[in-house]
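For reference, the chains in residue letters:
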Amino acid sequence: MNTRSGGEGPALSAFRGPFGELSGGVLAVHAHPDDETLSTGGLLAAFAAAGLPARVVTCTRGERGEVIALPGTTSEGRAGLEGDGPALGAYRETELARALLALGGGVDGAVEQTFLDRLPQVSPQVTRVVGADSRPAAERDSGSADRQGPGPAADSAVAVRYEDSGMEWVAPGVAGPAPDSPPTAFARVPLDEPAGRLAALIRTTRPAVVATYEPGGGYGHPDHVRAHEVTVRAVRLAADPAWQPGGVGPASQQGGVGPASQQGGVAPASQQGGVAPASRDGQRDGGEPVRGGGRGRGVGSRDEPWAGAELWQLVAPAAEVRTARATLAGLPEATALAATAGLTFADPAEDLPPFARDDLPERSAERQVTGSSGYRSPDELPITSVGRRSGRSDGERVVRVDVGGVLGRVVAAMRAHATQVQHATALARPEGPVAGWYALSNGVLAPILTTETYAVVDPLA
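Residues numbered from 1 in each chain as written. Predicted model: local features only at pLDDT ≥ 70, side-chain atom pairs only at ≥ 80, totals over all residues. Heavy atoms only, no water.

Helix and strand counts for the chain stand at nine helices and 15 strands. In the chain, which comprises 461 residues, the share counted as buried stands at 57%. Long-range pairs, those at least 24 residues apart, make up 74% of the contacts in the chain between residues at least 6 apart in sequence. Carbon and sulfur atoms make up 50% of the accessible area of the chain, which amounts to about 17,000 Å² in all. (Helix = DSSP H or I, 4+ residues; strand = E, 2+ residues; numbered from the N terminus. Buried < 20%, exposed > 50% of the residue type's maximum accessible area, 1.4 Å probe, protein only. Contact = heavy atoms within 4.5 Å. Areas by Shrake-Rupley, 256 points an atom, 1.4 Å probe, with all protein chains shown as cover.)

As a further point, take the sheet that holds strand β14 (residues 444-449). Pairing is mixed across the open sheet formed by four strands, whose spatial order is β8-β14-β13-β12. The open sheet is flanked by β8 (344-345) and β12 (422-431), the only strands paired with a single partner. Where β12 meets strand β13 (residues 434-439), four bridges bridge the pair, whose relative direction is antiparallel. Bridged to Gln-422 within β13 is Ala-439. Together, β8, β12, β13 and β14 form the strand contacts of helix α6 (residues 318-329), whose direction differs from that of β14 by roughly 120 degrees. Helix α9 (residues 407-416) rests against β12, β13 and β14 of the sheet, and its axis sits at about 165 degrees to β12. (Pairing = 2+ DSSP bridges. Axes fitted to C-alpha atoms, helices over the stretch in contact; angles between N-to-C directions.)

What follows concerns helix α5 (residues 222-239). The end-to-end C-alpha distance of α5, which contains 18 residues, comes to 26 Å, matching closely the 26 Å that a straight helix rising 1.5 Å per residue would cover. With 14 of 18 residues buried, α5 lies mostly within the body of the structure. (Expected span 1.5 Å × (residues − 1).)

Okay, the pairing of strand β1 (residues 26-30) next. Counting buried positions along β1 gives five out of five residues, so the element sits mostly inside the fold. Here β1 shows two buried faces, one formed by Val-26, Ala-28 and His-30 and the other by Leu-27 and Val-29. Judged from the three bridges that link them, β1 and strand β6 (residues 209-213) form a sheet pairing that is parallel. Residue pairing for β6: Ala-28 is matched across the bridge by Ala-211. The sheet contact formed by β1 and strand β2 (residues 54-58) spans five bridges and is parallel. Counterpart to Val-29 in the pairing with β2 is Val-57. In this fold, β1 hands off to helix α1 (residues 35-49), which returns the chain to β2; that crossover is right-handed. (Right-handed = clockwise from strand over helix to strand, strands pointing away.)

Turning to unusual backbone geometry, a few remarks are in order. Of note, Arg-206 is a non-glycine position whose phi angle comes to about 50 degrees, a positive value. Here Arg-206 lies in the loop between α4 (192-205) and β6. The exposure class assigned to Arg-206 is buried, which follows from its relative accessible area of 0%. The backbone phi angle of His-423 is positive, close to 60 degrees, even though this residue is not glycine. Locating His-423 in the fold gives a position in strand β12.

A separate point is the environment of Arg-415. Along the polypeptide, Arg-415 turns up in helix α9. Spatially, the C-alpha atoms of Arg-415 and Ala-99 are 7.8 Å apart, while their sequence positions differ by 316 residues. The contacts of Arg-415, once residues within four sequence positions are left out, are Thr-74, Ala-424 and Thr-425.

Glancing now at the pairing of strand β3 (residues 111-115). Most of β3 sits out of view: five of its five residues are buried. Burial along β3 is two-sided: the face carrying Val-111, Gln-113 and Phe-115 and the face carrying Glu-112 and Thr-114 are both buried. Bridging between β2 and β3 involves five bridges; their strand directions are parallel. Note on β3: the bridge partner recorded for Thr-58 is Phe-115. With helix α2 (residues 85-103) bridging β2 and its parallel neighbour β3, the resulting β-α-β unit is right-handed.

Inspection of every chain in the model, using the stated rule, returns two aromatic pairs. Taking 5.6 Å as the distance between ring centres and 45 degrees as the angle between the ring planes, the aromatic pair formed by Tyr-162 and Phe-186 counts as tilted. Of the two residues, Tyr-162 sits in the loop between α3 (137-142) and β4 (167-171) while Phe-186 sits in the loop between β5 (174-177) and α4, which places them 24 residues apart along the sequence. Taken individually, Tyr-162 and Phe-186 each receive the classification buried, so the pair is uniform in this respect. Note on Trp-312 and Tyr-454: the rings are 5.8 Å apart at their centroids and 45 degrees apart in plane angle, and the pair reads as tilted. Pair noted here: Trp-312 is in strand β7 (residues 310-317) and Tyr-454 is in strand β15 (residues 451-457), with a separation of 142 residues, a long-range link. There is no split in this pair, since Trp-312 and Tyr-454 are both buried. (Phe/Tyr/Trp six-rings, centres within 6.5 Å; stacked < 30°, edge-to-face > 60°.)

What follows is the structure, given as structure tokens:
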């Protein structure tokens, strides 16, 4: 049974104001490098710009991704990486580091990152994925035995690496599982193996928000769906006083997320300026409420439950997506690019991927409430509550993140993922819900929306 300890409530309602103090920051969980930017780039950049903790956990290295080798970008000449899983995964690690630096406004460590399989194993009973070296690419290539930053043991008998499960397009904009996913594919790993690692991290960092995909994984990719399942399970485990993580191997006493420049390394709490462990009533020894901490610092003990995080799932109003598609296809700059680069536009009338929902407030409804201070985040974040009013405990709430103030960071991060993203462009002024555009390997020009929309879910309800 999942319960909240005394004094621990949802992050957005337990503290002051309609949104509460978000000083605990955001922890975003994503399947592959580039997803953190394409899915939650505005959210991460906004937290980083406000000086609040922004952390990313990446589940795989995207070894099975397609490669765009576009002239004039950092992907030029990289076509040979496609099909070479280890090489592509290693290169995408470097793209991820550059993208996180961009989201952080050029400040190293403003957006922290680790790979899920680099977090400590938490139970000797879980099934292990063995036989892979999970060290960062630079460390593998150097052959150094003296690694910087702890991770799973180097011995191949206990090393763990979650691999890209692959996908195939089954409908326009919708993915399905690849028929040849390997046994080490992330989508095939027993749920509690990765969920336990993530739960221990959530307890240590005590975020205000945990963000990931909705149950359909955004567009159906099996790794996205699994990332959602792992995240929900981890949030529940982190809140359950009956769950204890235990530990396996020399990394078992470590926690926290390191700067992106560590390439997935995790620094021990003793090296991160960690504060005193929290008690089971959600307070530190001495009675101070645990509401988060400074960037890069562990703020609690992984042995103490944390139910102070709300789960934000990326969604979008279906009508807004259709309007954005139609608007983009009518922009002269976009149509000229499409004709030159051989790109196409998505049909606004076609069936939409799972992230698009018909039951969400549309952009016009948002504009009716953004002027009210009662709906605005008090934490210098461009976050607005729409749909159900804050303070309501029944049903789903929706929040919107205005991307405008950090659009340059998001587009720069997209360009950093040049093997996966092409033609990322910001408009000088938004056109309706369209702030810019980009295309993936499918060659479809897609809009960058002016706002990111999240369904706020209580996973313990």
